[in-house]
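Observations on the three-dimensional arrangement
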Amino acid sequence: RKEVEQDPGPFNVPEGATVAFNCTYSNSASQSFFWYRQDCRKEPKLLMSVYSSGNEDGRFTAQLNRASQYISLLIRDSKLSDSATYLCVVNRDDYKLSFGAGTTVTVRA
Amino acid sequence: DAGVTQSPTHLIKTRGQHVTLRCSPISGHKSVSWYQQVLGQGPQFIFQYYEKEERGRGNFPDRFSARQFPNYSSELNVNALLLGDSALYLCASSFESGRFFFGPGTRLTVL
């Protein structure tokens, strides 16, 4: 079983729509959780950390459910520039990031 | 401040050859990690170095090795290249745990 599993998508949504997707992680000892964004053939960039209480960053909302080992990301009012692959990332022991395979989102005009 | 830099950006090698990839972390960052990203998958952890000591190693064969220099830059070496080593190799630097900044990567093609 993979340490982090994501719905690969693709999610194809119109501008202005809301899109949500999630991932699950297998190791209950995981300590830190993140969403990274990766544009085609570019490096991953940190989108936001994910906290147990849930957190927002502008149009992006992340949720963490430790009991179910489940992380979600919601994007409101989608923009064309939100088109990317979103990587769910778990950090168990400070030095190693475990990545999901990514969820592809395409926002169309 | 400059971000994480990697060289070269692209590389083409043939099976059996050796390759050296280089990374310079963000100024002040003492930790460097290496990841391999095969097309269609998420990055996979290869190594982390902190203060010139190996802190962790992923599930990669001994053909993969790395080191960190006194100025905190790092090299990743891969011997006896296989077709399956074709990937984007990413370097990440960090200062505090949990905040990792990635370089643009080296795209390696093995023919």
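Moving on, we come to the state of the cysteines. Scanning the model with the defined rule gives two disulfides over all chains in all. Between Cys 23 of chain A and Cys 88 of chain A runs a disulfide, and the two sulfur atoms are separated by 1.9 Å. On the criterion of sequence distance, the pair formed by Cys 23 of chain A in strand 3 (residues 19–25) and Cys 88 of chain A in strand 9 (residues 84–91) is long-range, its members being 65 residues apart. With relative accessibility at 0%, the residue Cys 23 of chain A sits in the buried group. Residue Cys 23 of chain B pairs covalently with Cys 91 of chain B via a disulfide, S to S 1.8 Å. Classification of the bridge connecting Cys 23 of chain B and Cys 91 of chain B rests on its S-S torsion, roughly -65 degrees, and on that basis the disulfide is left-handed. With a gap of 68 residues between them, Cys 23 of chain B in strand 3 (residues 19–24) and Cys 91 of chain B in strand 9 (residues 87–94) connect regions that are remote in the sequence.

Attention now goes to the interface of chain A and chain B. Across the boundary between the two partners, chain A contributes 17 residues, which contact 21 residues of chain B. In this assembly, chain A packs against chain B so that about 1600 Å² is buried in total across both faces, 56% of it on carbon and sulfur atoms. Connecting chain A to chain B are zero salt bridges. Elements supplying a minimum of two residues to the side of chain A that touches chain B: strand 4 (32–38), strand 9 and strand 10 (97–99) of chain A. Residue contributions to the side of chain A that touches chain B peak at three residues, all from strand 4 of chain A. Its residues placed into classes, the side of chain A that touches chain B shows nine nonpolar, three polar and five charged.

Moving on to unusual backbone geometry. Most peptide bonds adopt trans geometry, and most residues besides glycine take a negative phi value. Omega for the bond connecting Gly 9 of chain A with Pro 10 of chain A falls within 30 degrees of zero, at 5 degrees, which places this linkage in the cis form. With respect to the secondary-structure elements, Pro 10 of chain A resides in the loop between strand 1 (4–6) and strand 2 (11–14). A cis geometry characterises the amide bond from Ser 7 of chain B onward to Pro 8 of chain B, with omega recorded as -10 degrees. By secondary structure assignment, the location of Pro 8 of chain B is in the loop between strand 1 (5–7) and strand 2 (10–13). Phi at Ala 80 of chain B takes a positive value of approximately 45 degrees, unusual for a residue other than glycine. For Ala 80 of chain B, the location among the structural elements is in the loop between strand 8 (74–78) and strand 9.

The next point concerns the nonpolar core. Ranked by internal contacts, the top residues of the largest apolar core, which has 23 residues, are Phe 21, Trp 35, Ile 71, Leu 73 and Tyr 86 of chain A. Of all elements in the fold, only strand 3, strand 4, strand 5 (45–50), strand 7 (60–65), strand 8 (70–75), strand 9 and strand 11 (103–108) of chain A reach the threshold of two or more residues within this core. Among residues more than four places away in sequence, those in contact with Leu 73 of chain A are Val 19, Ala 20, Phe 21, Trp 35, Leu 47, Met 48, Phe 60, Thr 61, Ala 62 and Tyr 86 of chain A. With 22 residues, the next largest nonpolar core counts Ile 46, Ala 66, Leu 81 and Tyr 89 of chain B among its residues.

What counts, and at which threshold
- Counting restarts for each chain: residues are numbered from 1 in the order of the written sequence.
- To label them, take the chains in the order written and letter them from A, then take the ligands in the order written and number them from 1.
- Local features in this predicted model are restricted to residues whose pLDDT is 70 or higher, and side-chain atom pairs enter the listing and the counts only when it is 80 or higher, whereas totals over whole chains, interfaces and linings include all residues.
- Heavy atoms from the whole structure form the basis of all side-chain values; hydrogens and water molecules are not counted.
- We call a pair of cysteine sulfur atoms a disulfide whenever their separation is within 2.5 Å.
- By the criteria applied, helices consist of DSSP H or I runs no shorter than four residues and strands consist of E runs no shorter than two, each listed in order from the N terminus.
- In this scheme, a residue with accessible area under 20% of its type's maximum is buried, one over 50% is exposed, and one in between is partly exposed, where area comes from a 1.4 Å probe on protein chains only.
- In what follows, a contact means two residues having at least one pair of non-hydrogen atoms within 4.5 Å.
- When two components associate, each loses some accessible surface as probed by a 1.4 Å sphere; the sum of these losses over both components is called the buried area.
- The salt bridge definition used is simple: a Lys or Arg side-chain nitrogen within 4 Å of an Asp or Glu carboxyl oxygen.
- The nonpolar class holds Ala, Val, Leu, Ile, Met, Phe, Trp, Tyr, Cys and Pro. Asp, Glu, Lys and Arg form the charged class, and all remaining residues, Gly among them, are polar.
- We call a set of buried Ala, Val, Leu, Ile, Met, Phe, Trp, Tyr and Cys residues a nonpolar core when their side-chain atoms join them within 4.5 Å.

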